[in-house]
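# Chain and residue survey
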Amino acid sequence: MLADWIELTKPRILQLNLVAAFGGYWVASKWEPDWMLLLWLMIGTTLTMASSCVLNNIWDWQLDQKMTRTKDRPLATRRLKPGGVLLYALVLGLVGELVLFYKVNALVGWLGLFGMFVYVVVYTMWLKRTSTWSTSIGGVSGAMPPVMGYCAYTNEIDAGAWLLFALLFLWQPAHFWSLAIRRVDEYTAAGFPLLPVMKGIKRTKLQMIPYVALLLPTVTIMYVLGYVGIIFFAISFLFGMIWMGHTIIGIVSENTEKWAKTNFFISINYLMIVFVCMVVDTTGRPFL
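All figures in this text were calculated on a predicted structure; none of them were measured in a lab.

An α-helix turns once every 3.6 residues. As a result, residues three or four positions apart point the same way. Relative to the 34 Å expected for 24 residues at 1.5 Å per residue, helix α8 (residues 159-182) spans 36 Å between its end C-alpha atoms, a close match to the ideal helical length. The largest bend in α8 amounts to roughly 25° and is located at Q172, with the proline P173 lying one to four residues further along. For α8, the buried fraction is high: 20 of the 24 residues fall into the buried class.

Structural data, given as structure tokens:
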């Protein structure tokens, strides 16, 4: 039973976003963190994102029943009842936002609320069911964690916050479309009007390219403006080139299943590598 309640929060999504929030905070703090502030940030961010994910489960449970990837979720199998799950989501969100507003700062609290609104209302309730733009616009919410981390320390939105936003915003569509291409039949059966469902796989492959390509100037500007060092720039740029090259190859790839699986794998590792390098090579690091 406890595992079902945890599953509702989508732990893998939480893990990736917490890494991003930590990275954003570390870039802003320049190796001089307020550890208690960081702790409250991580707690508040975790609870807020968990609430959003649970609400997403509530809204999608009937559609989840139609997909192999999601048909065993707690609400899809009716192991848990929607009323109790809704209360769970509201408590998580309320506590998370109280932590962000009163233990971090009001700006981060508002950013958390904005991220929840985009994910739950704009993405889950509206665009996910009506438009191919769901993935791109929904990426706004996924780009909030590093911005929240950054603003927890600075208490302002400046160029650093926008660059961190761009990094996560640009990463998400190509990452998700790699998965959607592999599961296109399931998404079609479930009725989700995703890009590969409505416009085809070839069009989706083409549309992935500019998102991946724009990651290269993003990491370059982060280095030029002094937010990160040469190690971050070199590794991030190299892995970005590898990802972009593989994405371009997808246009002529005959084995779409194999290509999409590899591209998805590259995207996951790209994000982890970039944020690890960001933390290690933040400007102001004491050992380089």
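For the structure shown, the criterion picks out 16 aromatic pairs. Aromatic pair W26 and W31: ring centres 5.2 Å apart, planes at 80°, arrangement edge-to-face. We classify W26 as buried; its relative accessible area is 6%. Aromatic pair Y223 and F233: ring centres 5.1 Å apart, planes at 15°, arrangement stacked. A residue pair is termed long-range when its members are at least 10 positions apart, and Y223 in helix α11 (residues 201-224) and F233 in helix α12 (residues 230-249) qualify at 10 residues. Lying over the aromatic face of W61, R78 brings its terminal NZ or CZ to 4.2 Å of the ring centre. Stacked on the ring of W259, the Lys or Arg K205 has its end atom at 5.0 Å from the ring centre.

As a further point, take the environment of L206. Note on placement: L206 falls in helix α11. Distance in space between the C-alpha atoms of L206 and I251 is 6.9 Å, their sequence separation being 45 residues.

By the secondary structure assignment, D158 is in the loop between α7 (144-154) and α8. A C-alpha to C-alpha distance of 21 Å links D158 and N17, two positions 141 residues apart in sequence. Setting aside residues no more than four positions away along its own chain, D158 makes contact with Y150 and Y227. Polar side-chain contacts of D158 include one of 2.8 Å to the side chain of Y150.

With that settled, the discussion passes to the pattern of salt bridges. Tallied over the entire structure, the rule returns 8 salt bridges. Of the charged contacts in the structure, one is a salt bridge between D60 and K128, with a shortest N-O distance of 2.5 Å. Taken together, the positions of D60 in helix α3 (residues 35-64) and K128 in helix α5 (residues 106-130) put the pair 68 residues apart, joining distant regions of the chain. Take D60 and K128: they sit in the same class, and that class is buried.

Calculation rules
Residue numbers run consecutively from 1 along every chain, following the written order of its sequence. Selection of residues for local features in this predicted model requires a pLDDT of at least 70, selection of side-chain atom pairs for listing and counting requires 80 or more, and totals for whole chains, interfaces and linings are taken over all residues. Side-chain calculation: all heavy atoms of the structure are included, whereas hydrogens and water are not. The helix and strand labels rest on DSSP assignments: H or I over at least four residues marks a helix, E over at least two residues marks a strand, and numbering proceeds from the N terminus. Residue count minus one, scaled by 1.5 Å, sets the expected span of a helix. Fitting axes to the seven residues ending at a residue and to the seven starting there, one defines the bend at that residue as the angle between these axes. Buried residues are those whose accessible area, probed at 1.4 Å on protein chains only, stays under 20% of the maximum for their type, while exposed residues exceed 50% and partly exposed ones sit between those limits. For Phe, Tyr and Trp, where Trp contributes only its six-membered ring, two rings pair if their centres lie within 6.5 Å, and the inter-plane angle classes them as stacked under 30 degrees, edge-to-face over 60, or tilted in between. The criterion is that NZ of a Lys, or CZ of an Arg, lies within 6 Å of the ring centre and within 35 degrees of the ring normal, and then a charge sits over that ring. Between two residues, a contact is recorded if the distance between any of their heavy atoms is within 4.5 Å. Under this definition, polar contacts are N or O atom pairs within 3.5 Å; protein pairs additionally need one hydrogen-donor-capable and one acceptor-capable atom, and for neighbouring residues in sequence, both atoms have to be side-chain atoms. Salt bridges, as used here, are contacts in which a Lys or Arg side-chain nitrogen is within 4 Å of a carboxyl oxygen on Asp or Glu.

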